[in-house]
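# Working through the structure, step by step
Next come the chains, spelled out residue by residue.
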Amino acid sequence: MSIVFDNEKHSFTLTTKNSVYQMQIGPLGYLLHLYYGRRAEGCFDYLHLERDCGFSPNPYGLQDKRGWSLDTMPQEYSGTNCGDFRLSSVDAETASGQCGADLHYMHHEIRPGKYTLEGLPTAFGNECETLSVTLRDETAGLEVELLYGVFEEKDMITRAARIRNGGSGPIRLRKAASACLDLPFGEWELVHFHGRHTLERQFARQVLMNGIQTVASKRGASSHQHNPFVILCEPETTEGAGSCFGVMPVYSGNHRTDIELDQTGSVRVVTGINSEGFSWLLEPGQCFDAPEVLLTYSPSGFAALSQTYHRFLRENVCRHYIPLAERPILLNSWEAMYFDFDEDKLLGLAGEAKELGVDMLVIDDGWFGHRDDDNSSLGDWFPNVRKLPHGLGTLLQKIDSMGLKIGLWVEPEMVSEDSELFRAHPDWALRVPGRAPTLGRSQLVLDLSRPEIVNWLFETLASLLRELPIAYIKWDMNRHLTDLYSGSLPADRQGELPHRYVLGLYDLLDRLTKTFPDVLFEGCAGGGGRFDAGMLAYCPQIWCSDNTDPVARLSIQYGTSFGYPISAMGAHVSTAPNHQTGRTTPFGTRATVAMAGTFGYELDPAKLTAAEKDEIRQQLKRFRALRSVIGEGDYYRLAAPGERRFTAWQQVSADKRESLVSLVLTEPEANPRPLHIKLKGLESDAVYALREAAFFGCAASMPQLRLTGSALMYAGVTLPIMLGDTPSVQMLWQKED
Ligand code: GLA
C-alpha cells in the first residue's frame, strides 16, 4: 500500500521508493502538509510547533490559540483571503464579488489506478494508486478535489486539482494552481532553465531571495524563455549527493511556478497555469481541471532525480513511446535547402539519403501553398504546384519506392494573411476587434479554442496522413500568442482563451495520434520553444533547438537533460560553418553531440566530400549499434559545460553491461594538463573492457584497457592529449563475462 490513512492521527502517508509525503487533517479541517522528503517512519506533526508570530492571524474558531495561524502552518493547498498571506493556490470570486477561498476537509478516497483529467495529458500506469481529498469553502460553495497519484516503484508522485462549483451561483476562478508544496525547514536553492530562441534551457542555480521568485510564461506556449520545470536543492547538493525535489508541470501553455521564501524561513512552491490573464467561469456543478504536476524527491543528487524523470516520462507519460532503437534516422531538408527546393532537388536529396543509409527524408517547410519564404501560405496544406508540379502524392510515391520513409513538416496552429485559408476565414485568427494584430514571422495564430477550427485541422491533416505514405510529422509553432480575443467566447469568458487554446491543441494531437498510432510526431516550436511534459505525451521527441552548433548544443542539451530523456531530444548533424553561429567544428564532434539525442542529419550530402560521406556511414553504423544504450540507458552528466575545459556525459545500460562515455573538449590548451574523468553507474566488481575509443577532430588513440568498475568510477580514466578545435571522443565500455 503506497497510500495509508491513519484514523487516529487523521494523516495520509504516501510512500515511494525513496520518499515519504505526509499530510494531516488539522484543526477546523484545514489540510496541513507535514513532510516530504527522505523515507522516514512516523507521524511528522511533532515538527510543526505553534508560535505566536506577530501579525499572522488566527482562524476564528481557534482564537484561543494565538500560536496557530494559516500564515505559518504548512498547507497542502493554500487558500486566499483567510489568513495565509503567502502564495495562494486558488482564488475565486462569487457573483456578489466575494473573493477568496477558505478550504476545509470534506472527505477522501483511496483507490487503485491512476486518475485522469478532462482534456489534459496525464501520467498513466496500473502500478499507480490514487488519493483524492476533497476540501470545501462553505461560503462560496467552492470544492477542490486534490488528486495524488503515487507511483511507488517509479518514485513519482503526481498531483492535480479539480475545482468544482458546488454552490448555487456562478463562481469565477482567478487562480487555479495545480499544486502547492511547502518545505517548512531547511535551506533551499532554486535550479531553473531559462533561455531564448536558439539558446533554450540554460541551467541556472541560485540562492533563494526572501520574497517571491517566478518561473513563468505568458506567451501561450511553455516557451524558450523559461521551461516549466524547477528543482529545489540543498546548498550542498551535487550530481551524486544531497537532497533535491523536482516540480514539473505537464503543461504546454502559460505556466507559472512561484517560489516564496517567507518570514519564517519556510519555502512554498505554487505551480500550475499562469494566473496572469487567466479567469474561468464555473456555473453551478461545473468543474475545472488544473493540469498535472510531476513531483519527485532524490536523496542522492541530481543524476538520480533526472533518471527518475527520464524513465517516468518515457514509460508513464509518452503515450506513443517508441524506443529510440526503433525510430527512423532522418535527413531533414531545412538546413539543406531551406525554401529553395523543387521535386528534382528533393528526389536528389532522397537519393543521397538512401545511398548513405539514412532511413527517412523529412520535407521541411516550403512544400505547400505558394510558400517560397516565411511570408505566406500557412494554412494551405496542399502542395506547392510550382515546386511540385506532379503533386505531393507522386513525389512521395517516388521516395517511398526508393525504400525511404517520409516525414513532413506542418505548422497547423498558424495562418498567413497571404493564404487561401485566411481569405476564406479571416475571423479564424486571434485578434482584438478593431485593433491591428501583431505579427510574428509574418503570421497569425488560429483560434484553437474553437472546436470547428480544431475539427477542420483534424480533417485536413488526417486526409494528408490517410492518403500519403507519411511516417513522421514535424509539428511546428513559430510564434507566440498575442491579441487574445476569441469571437466565439462571451465577454465574461475571454480570460479562458489561453487555456482553451491549449485544450484545443491537446484535443487535436490526441485525435491525430490515436487515429494514426504508427506515425511518429516530433514536436517543435522555433526549435525548443515548447519542450515540456505535456507535448511529450503526444510527441516522443521534440526538436531541441534551432541552434545546431554542437558547442552551443552542449549547454542546451545539458540543461534539457535535467528533466527530459535523451530519447526526447531532437538533435541533428548539420554543416560547417554552422548556419547559426558561423563556427566550424569537426564533423565527428557534431555527431558526438547529436548522438546525445535522437540523431539525424540537417545538411545537403551533395555538398559533402567523399570522405565526409564515408564518415556519415560510420556514424550511422555507430549510432545504430549504440542507440539502445543512448535512448534507454541511465544518463549521467560527468562535466558541465563551462565548468572545466570539456563537457562530458555517459549512458549506462540498465543491466550495466554497456556504457558509452562522450566528451567534447571546448577549451584547447597549450602544454595541456591531463584530461581526467570518473565514470558513474557501473558495477564496482565487474571488469569493463574499452571496446572502442573513437576520437574526432584530433589525432589521439587509447590502448586496450580492461579495468574494474570501481577503478573507472573512483580512480577514473586519463585521456590522451587532444589537440584541435573542439575535438571529441566516444568511448564504449563493455562488461566482460
Ligand atoms: C522552425 C523550426 C525549424 C524549421 C523552420 C521552418 O524554425 O524550428 O527547424 O522547421 O521552422 O520554417
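### Details of the site of the ligand
Near the ligand lie 13 residues; those nearest to it are Asp-364, Asp-365, Lys-474, Gly-527 and Asp-546. Between the ligand and Arg-441 there is a distance of 2.8 Å, counted from an oxygen atom to a side-chain nitrogen or oxygen. Within the complex, 96% of the 300 Å² of free accessible area of the ligand lies under protein. Structurally, the ligand is housed in the second largest pocket.

### As for helix H11 (residues 610-632)
With 23 residues, H11 extends 33 Å between its outermost C-alpha atoms, agreeing within 8% with the 33 Å of an ideal straight helix rising 1.5 Å per residue. For H11, the complete set of buried residues consists of Lys-613, Ile-616, Gln-619, Leu-620, Arg-622, Phe-623, Leu-626, Arg-627, Val-629, Ile-630 and Gly-631.

### A few points about the nonpolar core
One finds Leu-173 and Trp-367 to be the most contacted residues of the largest nonpolar core, which totals 191 residues. Contacts of Leu-173, omitting those with residues within four sequence positions, involve Val-90, Asp-91, Ala-92, Leu-142, Ile-163, Phe-278, Ser-279, Trp-280, Leu-282 and Phe-288. Core analysis: the second largest hydrophobic core is formed by 28 residues, Leu-638, Leu-690, Cys-698 and Trp-733 among them.

### Observations concerning the environment of Tyr-105
Looking at the element boundaries, Tyr-105 is found in strand E6 (residues 104-112). Considered as a pair, Tyr-105 and Asp-507 are 402 residues apart in the sequence and their alpha carbons are 33 Å apart. Not counting residues up to four positions away in its chain, the partners in contact with Tyr-105 are Phe-12, Ile-25, Gly-29, Val-133, Thr-134 and Leu-135. For Tyr-105, the side chain forms a polar contact with the side chain of His-108, separated by 2.7 Å.

### Re the side chain of Glu-239
Positionally, Glu-239 belongs in the loop between strand E14 (230-233) and strand E15 (244-249). What makes Glu-239 buried here is its relative accessible area of 15%. Here Arg-637 takes part through its side chain, which lies 2.7 Å from a polar atom of the side chain of Glu-239. Leaving out residues up to four positions away in the same chain, Glu-239 has contacts with Ser-300, Gly-301, Phe-302, Ala-303, Tyr-558, Phe-562, Arg-637 and Lys-680.

### Brief notes about the side chain of Asp-91
Its location among the elements puts Asp-91 in strand E5 (residues 90-94). A relative accessible area of 12% means that Asp-91 is categorised as buried. Setting aside its immediate chain neighbours within four residues, Asp-91 contacts Thr-80, Cys-99, Gly-100, Arg-172, Leu-173, Arg-174 and Lys-175.

### Quick notes on the sheet that holds strand E19 (residues 287-298)
Strand order in the open sheet made by the 9 strands is E6-E7-E8-E9-E19-E15-E14-E11-E12, with antiparallel pairing throughout. Since the sheet does not close on itself, it has two edges, and those belong to E6 and strand E12 (199-207), each with one partner. Across the sheet, the mean angle from the axis of one strand to that of its neighbour is 20°, orientation sign disregarded. Where strand E7 (residues 129-137) meets strand E8 (residues 142-151), 9 bridges bridge the pair, whose relative direction is antiparallel. Residue pairing in the sheet places Thr-130 in a bridge with Gly-149 of E8. Relative to E19, helix H1 (residues 302-317) is tilted by about 140°, and along the sheet it contacts E8, strand E9 (156-165), strand E11 (189-196), E12, E14, E15 and E19.

### Focus on the layout of surface pockets
Empty pockets left among the atoms are what a rolling probe the size of a water molecule brings to light. For the largest pocket, the calculated volume is near 490 Å³. Lining the largest pocket are 23 residues, with Lys-17, Gln-307, Thr-308, Arg-311 and Asp-634 positioned closest to its centre. Breaking the lining of the largest pocket down by element, the ones donating at least two residues are E19, H1 and strand E31 (634-639). Element by element, the count of residues in the lining of the largest pocket is highest for H1, at 8 residues. Partitioning the lining of the largest pocket into residue classes produces 7 nonpolar, 7 polar and 9 charged. If you add up the space inside the second largest pocket, you get close to 390 Å³. Every residue lining the second largest pocket is counted, 25 residues in all, and those nearest its centre are His-197, Arg-441, Asn-478, Gly-526 and Asp-546. Taken together, the residues that form the lining of the second largest pocket break down as 7 nonpolar, 8 polar and 10 charged.

### Quick look at the packing of aromatic side chains
The geometry of an aromatic ring pair is captured by two quantities: the separation of the ring centres and the angle between the planes. Applying the stated criterion across every chain, the model contains 35 aromatic pairs. Between Tyr-35 and Phe-44, the ring centres sit 4.6 Å apart and the planes meet at 35°, which makes this aromatic pair tilted. Residue Phe-44 is classed as buried on the basis of its relative accessible area of 5%. When the ring of Tyr-36 is compared with that of Phe-245, the centres are 5.0 Å apart and the planes differ by 50°; the resulting orientation is tilted. You can see Tyr-36 sitting in strand E4 (residues 31-38) and its partner Phe-245 sitting in strand E15, a full 209 residues away along the chain. Exposure remark for Phe-245: the relative accessible area of 2% places this residue in the buried category. Among the aromatic side chains, those forming a connected cluster through ring pairs are Phe-193, Phe-203, Phe-229, Phe-302, Tyr-309, Phe-531, Tyr-558, Phe-562 and Tyr-564. The ring of Phe-341 carries Lys-387 above its face, with NZ or CZ at 4.6 Å from the centroid.

### Quick notes on unusual backbone geometry
For the bond running from Ala-576 to Pro-577, omega is -5°, close enough to zero to count as cis. Inspection of the secondary structure assignment puts Pro-577 in the loop between strand E29 (573-574) and helix H10 (587-594). Here His-10, not a glycine, exhibits a phi torsion of approximately 55°, which is positive. Locating His-10 in the fold gives a position in the loop between strand E1 (3-6) and strand E2 (11-15). What makes His-10 partly exposed here is its relative accessible area of 38%. The backbone of Arg-201 sits at a positive phi, close to 50°, despite the residue not being glycine. When you line up the elements, Arg-201 lands in strand E12.

### Looking at the sheet that holds strand E38 (residues 728-735)
What the 6 strands build is an open sheet, ordered E31-E32-E33-E38-E35-E36; its pairing is antiparallel. Looking at strand neighbours, the two that pair on one side only are E31 and strand E36 (706-708), the edges of this open sheet. Each neighbouring strand pair of the sheet contributes to a mean axis angle of 25°, computed without reference to strand direction. Of the strand pairs in this sheet, E31 and strand E32 (residues 646-652) are connected by 5 bridges, and their pairing is antiparallel. Within E32, the position partnered with Tyr-636 by the bridge is Gln-650. Against the sheet, H10 engages E32, strand E33 (658-665), strand E35 (687-696) and E38, with an angle of about 50° to E38.

### A few points about the pattern of salt bridges
Evaluated as defined, the whole model comprises 52 salt bridges. A salt bridge links Arg-174 to Asp-91, with the nearest nitrogen and oxygen atoms 3.3 Å apart. Highlighted residues: Arg-174 in strand E10 (residues 171-183) and Asp-91 in strand E5, separated in sequence by 83 residues. Here Asp-507 ties to Arg-511 by a salt bridge, and the two come within 3.2 Å at their closest N and O atoms. A residue pair is termed a helical-turn pair when its members lie 3 or 4 positions apart in one helix, as Asp-507 and Arg-511 do in helix H7 (residues 497-515) at 4 residues.

### Concerning helix H6 (residues 451-467)
Taking 1.5 Å per residue, 17 residues should reach 24 Å; H6 reaches 24 Å between its end C-alpha atoms and fits that length. Three or more residues of H6 are buried, namely Ile-453, Val-454, Leu-457, Phe-458, Thr-460, Leu-461, Ala-462, Leu-464 and Leu-465. For H6, the secondary structure elements touched by its buried residues are helix H4 (391-401), strand E22 (405-410), strand E25 (472-475), H7 and strand E26 (520-523).

### A short note on the state of the cysteines
Counted according to the given criterion, the structure contains 0 disulfides. Cys-244 forms no disulfide, and the closest cysteine sulfur to it belongs to Cys-233, at a distance of 6.6 Å. Owing to a relative accessible area of 0%, Cys-244 belongs among the buried residues under this scheme. Free of any disulfide, Cys-318 has its nearest cysteine sulfur in Cys-539, 8.9 Å distant.

Analysis parameters
Residues numbered from 1 in each chain as written. Predicted model: local features only at pLDDT ≥ 70, side-chain atom pairs only at ≥ 80, totals over all residues. Heavy atoms only, no water. Near = heavy atom within 4 Å. Polar contact = N/O pair within 3.5 Å; in protein donor to acceptor, adjacent residues only side chain to side chain. Areas by Shrake-Rupley, 256 points an atom, 1.4 Å probe, with all protein chains shown as cover. 1 Å grid on protein atoms, 1.4 Å probe; cavity = no way out; pocket = protein on both sides within 12 Å on 5 of 7 lines; lining within 4 Å. Sits in = over half its atoms within 2 Å of the grid points. Helix = DSSP H or I, 4+ residues; strand = E, 2+ residues; numbered from the N terminus. Expected span 1.5 Å × (residues − 1). Buried < 20%, exposed > 50% of the residue type's maximum accessible area, 1.4 Å probe, protein only. Core = buried A, V, L, I, M, F, W, Y, C linked by side-chain atoms within 4.5 Å. Contact = heavy atoms within 4.5 Å. Pairing = 2+ DSSP bridges. Axes fitted to C-alpha atoms, helices over the stretch in contact; angles between N-to-C directions. Points joined across faces, edges and corners; volume = space filled by probe spheres on them. Nonpolar A, V, L, I, M, F, W, Y, C, P; charged D, E, K, R; others polar. Phe/Tyr/Trp six-rings, centres within 6.5 Å; stacked < 30°, edge-to-face > 60°. Lys NZ or Arg CZ within 6 Å of the ring centre and 35° of its normal. Salt bridge = Lys/Arg side-chain N within 4 Å of Asp/Glu carboxyl O. Disulfide = S-S within 2.5 Å.

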